[in-house]
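Survey of secondary and tertiary structure
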Amino acid sequence: MGDDALLNRRHFIGIAGMMGVGLAAGVLPGGVRAAASSSQKTKIGIIGSGNVGSALGRVWVMKGHEVMFSSRSLEDDKALAAKTGAGASAGTPEQAAKFGEVVLFAVPYRALPELGKALATQLKGKVVIDACNPYPARDGEIANWAREKGAGLASAELLPGARIVRAFNAVGAARMGAAHEAPGRTGMPIAADDAAASDLASRLIRDIGYEPILIGGLDKGKHLVPSGPLSGERPPDEVRKIAASL
Ligand SMILES: NC(=O)c1ccc[n+]([C@@H]2O[C@H](COP(=O)([O-])OP(=O)(O)OC[C@H]3O[C@@H](n4cnc5c(N)ncnc54)[C@H](OP(=O)(O)O)[C@@H]3O)[C@@H](O)[C@H]2O)c1
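Quick caveat: nothing in here was measured; it's all calculated off a predicted structure.

Points about the pairing of strand β7 (residues 186–192)
Taken residue by residue, a regular strand's side chains alternate between the two faces of the sheet. Among the seven residues in β7, seven count as buried, and that is most of the element. Burial along β7 is two-sided: Thr186, Met188, Ile190 and Ala192 facing one way and Gly187, Pro189 and Ala191 facing the other are all buried. In terms of strand pairing, strand β6 (residues 163–166) meets β7 through two bridges, oriented antiparallel. Residue pairing across strands places Arg166 opposite Ala191, the latter belonging to β7. Examined bridge by bridge, β7 and strand β8 (residues 210–216) share six bridges and lie parallel to one another. Within β8, the position partnered with Met188 by the bridge is Pro212. A crossover links β7 with its parallel partner β8, the connecting element being helix α12 (residues 195–208), and its sense is right-handed.

A closer look at the pairing of β6
Burial along β6 is two-sided: Arg163 and Val165 facing one way and Ile164 and Arg166 facing the other are all buried. Relative to β6, strand β5 (residues 127–130) is paired through four bridges, and the arrangement is parallel. Pairing of Val128 across the sheet is with Ile164, part of β6.

Remarks on the packing of helix α3 (residues 51–62) against α12
Axis separation between α3 and α12 bottoms out at 9 Å; the angle between their running directions is 90°. It follows that α3 is roughly perpendicular to α12 by the angle criterion. Contact residues: α3 offers Leu56, Val59 and Trp60, while α12 offers Leu204, Asp207 and Ile208. In terms of residue class, the contact of α3 with α12 is built from five nonpolar, no polar and one charged.

Rules and cut-offs
Residues numbered from 1 in each chain as written. Predicted model: local features only at pLDDT ≥ 70, side-chain atom pairs only at ≥ 80, totals over all residues. Buried ≥ 20, exposed ≤ 12 C-beta atoms within 10 Å, placed from the backbone. Helix = DSSP H or I, 4+ residues; strand = E, 2+ residues; numbered from the N terminus. Pairing = 2+ DSSP bridges. Right-handed = clockwise from strand over helix to strand, strands pointing away. Axes fitted to C-alpha atoms, helices over the stretch in contact; angles between N-to-C directions. Parallel < 35°, antiparallel > 145°, perpendicular 65-115°, else oblique. Contact = placed C-beta atoms within 7 Å. Nonpolar A, V, L, I, M, F, W, Y, C, P; charged D, E, K, R; others polar.

Next up, the structure:
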């Protein structure tokens, strides 16, 4: 199943049901305005500013964090940053990786080997949130390898030295941008080997609007893919129940 198809999964919690709960004060549809953050202000480098990177970056800025968007298209990223608001800037992937206390990877999986090499210095010891999914049809042979190894362990091998937290893998990007409207209503399964990295990423995931649920180490990252047992949006308790059965 493609990422777009995720938007329509029957597991998704209806928007109508979510609208009555916890609309973030001061946030207008389409506009980015400061809203209460559950975590201290954090610099977030975003590698890949497409559907996922732009949706998450927008909400993090809304929550008072600073983001730097990056891709191979600096002019597009400058335009995105200008549209996103005062907390957003644009740079090269190298600059974004250096800028971020936390770095979000939201690129096609096939880009990871090259980025892992190019950004090795900047990523050493850094908390990396890995939203990338391996699709053979899009990404080629690297995706078959990653699926066989398990997406969490594969990303760790491709981004050596980074403290990886696998998250945001199996919900649609548009839903990621709207989750803050019903904070805590939906569970976000994550996988990580590093407890401090998991804690830091969890605070940022809460700001996006999800209740983070650590399902285990990076070896469990193999379950965090579209069409995996935890794909789609579910209440936190349901995520915990499924995770316990894996
Ligand atoms: N869309 C979803 O609903 C969804 C949900 C969960 C997870 N995911 C996963 O998240 C990742 C991103 O998905 P997306 O839908 O956001 O993709 P997208 O809209 O195609 O965006 C990909 C971004 O990565 C950049 N990029 C590509 N190759 C790059 C490279 N070598 N170096 C730097 N930047 C590069 C692209 O810009 P340039 O080409 O201009 O560099 C673009 O900004 C994928 O792995 C996807 O499977 C997607």
